[in-house]
Amino acid sequence: MASIDIQGVGKSYGTVPVLHNVDLSIQDGEFVVLVGPSGCGKSTLLRMVAGLEGITRGDILIGGKVVNELAPKDRDIAMVFQSYALYPHMTVRDNMSYSLKLRGTPSERMSHVISAAASKLGLESFLDRKPRTLSGGQRQRVAMGRSIVRKPKAFLFDEPLSNLDARLREQMRVEIKKLHRELGTTSIYVTHDQVEAMTLADRIVAMNGGAVQQVGTPLDLYERPTNLFVASFIGSPAINILDGILRCDGENRHIILESEEQLPALARIQGRDGQAVKVGIRPEDVQVSIQNAGSRMGQVELVEPMGLGTILHIGTVHRTLKAFVLERADYPIGSNIAYSLPADRLHIFDARTGQRIAD
Amino acid sequence: MTSSARSTPYWFLHYGLLAFYVAFALFPLYWLLKVSITPNDLLYSEGIRLWPSRSSLAHYTFVLAHSDFPLFFKNSLIVSGSTAVTVTLIAALSGYAMSRFDFRGKMWLVGLMLITQMFPLVMLVAPIFKLFSPLGLTNSLTGLVVVYTAFNVPFATFLMQSFFDGIPKDLEEAAMIDGASRFRAFRQIILPLTLPGVAATLGFVFTAAWSELLFALMLVSKADASTFPVGLLSFVSKFSVDFGQMMAAGVLALIPACLFFLLIQRYLVQGLTAGAVKG
Ligand SMILES: Nc1ncnc2c1ncn2[C@@H]1O[C@H](COP(=O)(O)OP(=O)(O)O)[C@@H](O)[C@H]1O
Ligand SMILES: [Mg+2]
């Protein structure tokens with residue numbers, strides 16, 4: 001086990017930059033998730049840690065030692081690929097023992113380790129099968145097994161669950177989390193799925209366009225997104241974003257929305273008077289009432305029942321807002337509904353830079 | 001449209017055309033066989049009968065027992081076998097490099113390799129002879145192996161490259177992370193999966209070298225280093241052509257090529273990478 005430090009790392013393919021100045025410090029035993037839309041450079045960063053891609057600028061340290069020039073085999077890390085990359089001509093047992101054989105592990109010890117890993121992952125009865133005879137979920141387990149048989153300094157995962165169906169994905173997610181609790185190995189996990197990121201991570205690194213946007217615990221990112229990108233990327237159903245102008249009148253703050261409506265905001269919002277802003281509010285923070293009339297009224301346009309709760313699309317003259325409610329009340333389409341946007345639940349961003357306005 | 005939906009006339013035509021094609025393609029081989037077992041006295045008298053009224057293996061016995069043919073045959077085996085192995089070794093390495101690495105001048109290298117395939121070989125006979133004779137490579141099997149290897153490496157490289165391209169990069173990356181060097185990953189993971197490609201390349205180069213006539217004729221003037229295509233010509237004398245013996249030798253020459261393909265066909269048809277990724 002080891003810490004991993006990424007210091008001022010950049011990557012270009014030819015003249016095309018794909019990673020800009022990434023700084024990240026991962027502690028020993030930490031589970032860090034890199035999350036971001038497809039093409040933002042997550043895999044590239046992970047592969048640079050693994051030694052599969054060259055480093056254009058900066059340093060990568062594993063266990064305090066610079067590994068920039070070290071071959072993958074000398075970095076002592078394990079990786080689970082999105083494609084699983086199982087050796088098709090080898091049995092499950094040989095797939096799992098390949099790395100041990102290369103290290104000259106004595107055969108009794110090897111078979112002991114393999115059977116321990118196999119029983120942990122429920123693979124005992126498949127050990128003599130070839131990968132092509134296994135289902136997707138089983139192959140995924142073999143790929144995991146291949147990583148855990150030796151005690152590497154770190155686990156790297158590149159979207160390991162994205163080829164599985166939703167049910168299996170949920171199940172494997174839990175197993176990965178348990179495995180990490182048990183082994184405590186430093187892990188970097190790449191995904192584009194923000195639910196996976198939220199549920200697995202000790203810390204999330206949100207990336208976009210080759211740059212780190214925010215690093216923090218899942219709840220940090222959820223409750224205090226540092227910019228518009230993070231606010232809209234994290235959370236499902238997605239956050240509502242409204243355009244407006246910030247008005248500062250002494251201690252009073254309010255926002256004039258495009259629709260001329262006034263939206264009170266908290267006094268601690270920094271911003272300037274007249275600053276163009278974007279206001280975010282998460283669907284579950286939108287308060288609705290169908291019985292009582294209120295100052296803000298809209299119509300129920302669409303109802304998406306999710307079992308756990310319901311997503312309501314509330315149409316007003318100017319826009320559609322999403323609200324997430326837990327009550328199982330009946331919301332007939334077209335009926336009037338009162339809603340409010342509590343000042344303490346607003347996320348306010350500068351409209352031009354997209355950065356959060358200090359509060 | 002499903003097959004059951006198609007009518008009988010359709011299938012009649014379908015198989016009819018296939019049968020015609022196969023017959024057309026195999027007819028020369030059939031004729032080879034037919035002439036080789038036709039006794040000389042019947043060859044001209046019976047004209048173009050599909051099967052002679054009397055058959056004999058006399059031509060075969062003569063070719064095997066009283067001609068230089070066994071020697072030519074052995075020479076051909078040595079030349080074709082060595083060429084096939086050498087070319088495949090080189091092409092496996094260079095094809096892998098072409099498939100996996102980006103390096104300066106790659107485009108130039110590919111271009112040059114294509115250019116070598118554009119020349120009519122006849123143009124090169126004289127310069128190569130000039131080059132080889134001081135080196136003692138004329139009248140030698142080694143000389144032929146060198147020439148054949150040089151001419152077959154470019155195409156074989158492209159062939160191997162296309163096979164390597166079909167194998168996911170993830171596999172060797174996984175091996176390298178598991179602790180293998182790149183060469184070990186190539187040898188233990190990638191090469192076993194490319195066996196169909198290796199077999200195809202071996203087969204292709206073997207047959208090309210087996211039937212090569214131009215250089216075999218020009219670089220070798222002594223019988224002890226002649227290959228069998230040159231040997232076949234020895235059945236043509238100034239005044240007559242001994243068709244029966246020539247065809248018998250031809251049939252015999254087909255045997256190694258057939259055996260060779262029988263040996264490698266298992267790899268040719270097998271899709272080893274199935275189940276490597278996703279699925
Ligand atoms: N070998 C390569 N050559 C050129 N561009 C590449 C190469 N590999 C990746 N890229 C580019 O780098 C960017 C980041 O890719 P990647 O790290 O795979 O994204 P992610 O894993 O976040 O989806 C993409 O825009 C991709 O097109
Ligand atoms: Mg990726």
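The structure presented is a predicted model; accordingly, all values stated were derived computationally and were not measured. (Residues numbered from 1 in each chain as written. Chains lettered and ligands numbered in written order. Predicted model: local features only at pLDDT ≥ 70, side-chain atom pairs only at ≥ 80, totals over all residues. Heavy atoms only, no water.)

Novice: Please clarify how the overall build of chain B should be interpreted in this entry.
Specialist: Helix and strand content of chain B: 13 helices and 0 strands. Seen through its principal axes, chain B has C-alpha atoms that stretch 75 × 70 × 30 Å. Within chain B, the fraction of its 279 residues that count as buried is 43%. Of the contacts formed within chain B by residues at least 6 apart in sequence, a portion of 72% connects residues at least 24 apart. Carbon and sulfur atoms form 72% of the exposed surface of chain B, whose accessible area is close to 15,400 Å². Side-chain charges in chain B split into 17 positive and 12 negative, and the spacing between the mean points of these groups amounts to 2 Å. (Helix = DSSP H or I, 4+ residues; strand = E, 2+ residues; numbered from the N terminus. Buried < 20%, exposed > 50% of the residue type's maximum accessible area, 1.4 Å probe, protein only. Contact = heavy atoms within 4.5 Å. Areas by Shrake-Rupley, 256 points an atom, 1.4 Å probe, with all protein chains shown as cover. Lys, Arg positive; Asp, Glu negative; His and termini not counted. Charge placed at Lys NZ, Arg CZ, Asp CG, Glu CD.)

Novice: Whenever I open this one, the nonpolar core confuses me. Can you help?
Specialist: In globular proteins that are soluble, nonpolar side chains generally tend to be buried together. Counting 82 residues, the largest nonpolar core has A:Ile6, A:Leu34 and B:Phe69 as its most contacted members. Residues within four places of B:Phe69 in sequence aside, it is in contact with B:Val63, B:Phe228, B:Leu232, B:Phe235, B:Ala249 and B:Leu252. Counting residues in hydrophobic clusters, the runner-up holds 44 residues, among them A:Leu100, A:Leu134, A:Leu221 and A:Tyr222. (Core = buried A, V, L, I, M, F, W, Y, C linked by side-chain atoms within 4.5 Å.)

Novice: What's the story with the site of ligand 1 in this structure? I'm lost.
Specialist: Residue and element names in this part refer to chain A. Ligand 1 sits among Tyr13, Val18, Ser38, Gly39, Cys40, Gly41, Lys42, Ser43 and Thr44. Between ligand 1 and Thr44 there is a distance of 2.5 Å, counted from an oxygen atom to a side-chain nitrogen or oxygen. In the complex, 55% of the free accessible area of ligand 1, which totals 570 Å², lies under the protein chains. Here the element with the most residues in the shell around ligand 1 is helix 1 (residues 42-50); it accounts for 3 residues. In terms of residue class, the shell around ligand 1 is built from 3 nonpolar, 5 polar and 1 charged. (Near = heavy atom within 4 Å. Polar contact = N/O pair within 3.5 Å; in protein donor to acceptor, adjacent residues only side chain to side chain. Nonpolar A, V, L, I, M, F, W, Y, C, P; charged D, E, K, R; others polar.)

Novice: Any chance you could explain the domain arrangement of chain A here in plain terms?
Specialist: Often, the extent of an interface is quoted as the loss of accessible area upon association of its parts. All names here are of chain A. Entries for chain A in the domain assignment read domain 1 (4-233) and domain 2 (240-350). Relative to domain 2, the C-alpha centre of domain 1 lies at a distance of 39 Å. Listed as interface residues are 8 residues of domain 1 and, on the opposing side, 6 residues of domain 2. Taken over both partners, the interface formed by domain 1 and domain 2 buries close to 660 Å², and the fraction arising from carbon and sulfur atoms is 59%. Considering only the side of domain 1, the residues that lose the most area to domain 2 are Tyr222, Leu228 and Ala231, jointly responsible for 69% of the buried surface there. Linking domain 1 with domain 2 are 0 salt bridges. Applying the counting rule to domain 1 against domain 2 returns 2 residue pairs in polar contact (both at pLDDT 80 or more). At the level of secondary structure, the elements contributing two or more residues to the side of domain 1 that touches domain 2 comprise helix 7 (218-223) and helix 8 (228-233). Top contributing element to the side of domain 1 that touches domain 2 by residue count: helix 7, with 3 residues. Partitioning the side of domain 1 that touches domain 2 into residue classes produces 5 nonpolar, 2 polar and 1 charged. (Domains from an automatic or database assignment. Buried area = accessible area lost by both parts, 1.4 Å probe. Salt bridge = Lys/Arg side-chain N within 4 Å of Asp/Glu carboxyl O.)

Novice: Looking at this structure, I do not really get the environment of B:Phe72. What am I missing?
Specialist: All names here are of chain B. For Phe72, the location among the structural elements is in helix 4 (residues 69-100). Separated by 157 residues in sequence, Phe72 and Pro229 place their C-alpha atoms 8.3 Å apart. Beyond its immediate sequence surroundings of up to four residues, Phe72 is in contact with Ala223, Ser226, Thr227, Phe228, Gly231 and Ser234.

Novice: Teacher, can you tell me more about the packing of helix 2 (residues 92-102) of chain A against helix 4 (residues 136-148) of chain A here?
Specialist: Working note: a packed helix pair is described by the angle between its axes plus the distance between those axes. All names here are of chain A. Their axes nearest at 7 Å, the elements helix 2 and helix 4 cross at an angle of 30°. Classified by the angle their axes make, helix 2 and helix 4 are roughly parallel. Helix 2 and helix 4 meet at a crossing whose hand is right-handed. Along the contact surface, helix 2 presents Val92, Asn95, Met96 and Ser99, while helix 4 presents Val142, Gly145 and Arg146. Here the residues of the contact of helix 2 with helix 4 sort into 3 nonpolar, 3 polar and 1 charged. (Axes fitted to C-alpha atoms, helices over the stretch in contact; angles between N-to-C directions. Parallel < 35°, antiparallel > 145°, perpendicular 65-115°, else oblique. Left-handed = near helix turned anticlockwise from the far one by under 90°.)

Novice: What is the right way to look at the sheet that holds strand 17 (residues 310-315) of chain A in this model?
Specialist: Through backbone hydrogen bonds, the strands of a sheet pair up, either in parallel or in antiparallel fashion. All names here are of chain A. Read across the open sheet, the 5 strands follow the order 15-19-16-17-18; overall the sheet is antiparallel. A single partner strand is all that each edge strand has here, and the edge strands are strand 15 (287-289) and strand 18 (320-325). Strand-to-strand, the axes of this sheet are offset by a mean angle of 45°, without reference to chain direction. The pairing of strand 15 with strand 19 (residues 336-340) spans 3 bridges and is classified as antiparallel. (Pairing = 2+ DSSP bridges.)

Novice: What is the right way to look at the packing of helix 8 (residues 169-178) of chain B against helix 9 (residues 182-193) of chain B in this model?
Specialist: Residue and element names in this part refer to chain B. Where helix 8 meets helix 9, the axes come as close as 9 Å, and the angle between the chain directions of the two elements is 140°. As summarised for this structure, helix 8 and helix 9 are arranged oblique, according to the angle between their axes. Every pair of crossing elements has a handedness; the one defined by helix 8 and helix 9 is right-handed. Each of Leu171, Glu172, Ala175 and Met176 in helix 8 lies in contact with helix 9, whose residues at this interface are Arg182, Ala185, Ile189, Ile190 and Leu193. In terms of residue class, the contact of helix 8 with helix 9 is built from 7 nonpolar, no polar and 2 charged.

Novice: How do you make sense of the confidence of the model for chain B when you look at a structure like this?
Specialist: Parts of the prediction with low pLDDT should not have their coordinates interpreted in detail. All names here are of chain B. Averaged over every residue, the pLDDT of chain B is 86; the share at 70 or more is 93%. Mean pLDDT across the elements of chain B ranges from a minimum in helix 2 (residues 40-43), with 78, to a maximum in helix 8, with 95. Taken together, the stretch residues 271-279 has pLDDT below 50 and engages in 25 contacts with residues farther than four places along the chain or on a different chain. Confidence metrics for the complex model read pTM 0.84 and ipTM 0.88. (pLDDT = per-residue confidence, 0-100.)

Novice: For this particular structure, what's the right way to read the interface of chain B and chain A?
Specialist: Listed by partner, the interface residues are 24 residues for chain B and 26 residues for chain A. Counting across the chain B and chain A interface gives 2 salt bridges. Measuring nitrogen to oxygen at the nearest pair gives 4.0 Å for the salt bridge that ties A:Arg150 to B:Asp178. Applying the counting criterion to the chain B and chain A interface returns 10 residue pairs in polar contact (both at pLDDT 80 or more). Looking at the side of chain B that touches chain A, the elements with two or more residues in it are helix 8 and helix 9 of chain B.

Novice: In this structure, what is going on with the domain arrangement of chain B? I would like to understand it.
Specialist: Residue and element names in this part refer to chain B. Its domain assignment divides chain B into domain 1 (1-56) and domain 2 (68-278). On a C-alpha basis, the centres of domain 1 and domain 2 stand 32 Å from each other. Of the residues lining the interface, 8 residues belong to domain 1; the matching set on domain 2 comes to 9 residues. Of the roughly 610 Å² buried between domain 1 and domain 2 on both sides combined, carbon and sulfur atoms contribute 77%. The three residues of domain 1 that bury the most area against domain 2 are Leu32, Val35 and Ser36, which together make up 58% of that side's buried surface. On the surface where domain 1 and domain 2 come into contact, there are 0 salt bridges. Where domain 1 touches domain 2, the interface holds 0 residue pairs in polar contact (both at pLDDT 80 or more).

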